[in-house]
Amino acid sequence: MQEAPPMSVGSTVRLVLGWAFAALGVLNLSMGVAGGGYLLFHVVLLVTAVALMGFGRIRRQPGRIAWLAAGAVPLLGLVLSTLPAIDAGCCLRDRPGRHGFPFTMYASGRVDAVLLVSDLVFWSSVGFLVLTALTLLRPPLSPPAATNPTHAEGRATEVPAPRDESVGGLP
């Protein structure tokens, strides 16, 4: 069995994630909108799906700054979303409400795994959108230099030599 090249594995994962995000976003939004946070999450999911499916068509490579920003966004987003909101009613111990924005994972003094996963998906999607935007803003790569064609390509593009119509030795 031959091992698949890394580019095809990466492209396959990117496309599968793109289609999965598109399906989740469309299906959940078709069931109705349950609030601003719900709408924001699924719109980001849909935009990320489109970006994931089209990222292979971008003829630019992400730079170091794009990778750093794309890595920093999910980390900062997770940290900021765990912080309690800054209003008087948020931090009352007898109130069962969730803390943080937009998708909290810290509630009632314990970590909620479902909210943690949704936070990871949301902030990773935002990070990928930052990576895509910074990659698009980067100048395009110069076109590759013309290469010498292989002998089959050369034969296909050569002008054929005039053919000798004689059979050569036959009367």
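Thresholds, definitions, all that
- Residues numbered from 1 in each chain as written.
- Predicted model: local features only at pLDDT ≥ 70, side-chain atom pairs only at ≥ 80, totals over all residues.
- Heavy atoms only, no water.
- Helix = DSSP H or I, 4+ residues; strand = E, 2+ residues; numbered from the N terminus.
- Buried < 20%, exposed > 50% of the residue type's maximum accessible area, 1.4 Å probe, protein only.
- Contact = heavy atoms within 4.5 Å.
- Areas by Shrake-Rupley, 256 points an atom, 1.4 Å probe, with all protein chains shown as cover.
- Phe/Tyr/Trp six-rings, centres within 6.5 Å; stacked < 30°, edge-to-face > 60°.
- Core = buried A, V, L, I, M, F, W, Y, C linked by side-chain atoms within 4.5 Å.
- pLDDT = per-residue confidence, 0-100.
- Expected span 1.5 Å × (residues − 1).

K.L.:
An account of the overall build of the protein chain is requested, with residue identities and associated values reported.
P.N.:
Helices and strands together make up the secondary structure of the protein chain, namely 5 helices and 2 strands. Mapped from its N terminus to its C terminus, the protein chain presents α and β elements in the order α-α-α-β-β-α-α. By residue count, 26% of the 171 residues in the protein chain fall in the buried class. Taking the contacts inside the protein chain whose residues are at least 6 apart along the sequence as the reference set, 64% of them involve residues at least 24 apart. Here the protein chain has roughly 12,600 Å² of accessible surface; of this, 68% comes from carbon and sulfur atoms.

K.L.:
Got a sec to walk through the packing of aromatic side chains? Specific residues and values, please.
P.N.:
Under the defined criterion, the tally for this structure stands at 3 aromatic pairs. Relative to Phe122, the ring of Phe41 lies with its centre 6.3 Å away and its plane at 25°, an arrangement referred to as stacked. Within this pair, whereas Phe41 is found in helix α2 (residues 36–54), its partner Phe122 is found in helix α4 (residues 113–137), the two being separated by 81 residues in sequence. A single burial state applies to Phe41 and to Phe122, both of which are buried. Under the relative-accessibility criterion, Phe122 is labelled buried at 5%. Counting every residue linked through ring pairs, the aromatic cluster contains Phe41, Phe122 and Trp123.

K.L.:
Describe the nonpolar core, with residues and values.
P.N.:
Judged by nonpolar contacts, the single largest core of 19 residues is most densely connected at Phe21, Phe55, Phe122, Trp123, Val126, Phe128 and Leu131. Listed by contribution, the elements that provide at least two residues to this core are α1 (6–30), α2, α3 (64–82) and α4. With 6 residues, the top contributor of residues to this core is α2. The contact partners of Phe128, leaving out residues within four places of it in the chain, are Thr48, Ala51, Leu52 and Phe55.

K.L.:
Quick rundown of the confidence of the model for the protein chain? Include the residues and the values.
P.N.:
Counting all residues, the mean pLDDT for the protein chain is 75, and 61% of those residues have values of 70 or more. For residues 98–102, every residue scores under 50 in pLDDT, and the model assigns this stretch 20 contacts once sequence neighbours within four places are set aside.

K.L.:
If you had to explain α3 to someone new, which residues and values would you point to?
P.N.:
Look at α3: 28 Å from first C-alpha to last across 19 residues, which is about the 27 Å you get at 1.5 Å a residue. Every buried residue belonging to α3 is among Ala66, Ala70, Val73, Pro74, Gly77, Leu78 and Ser81, and all of these are buried.

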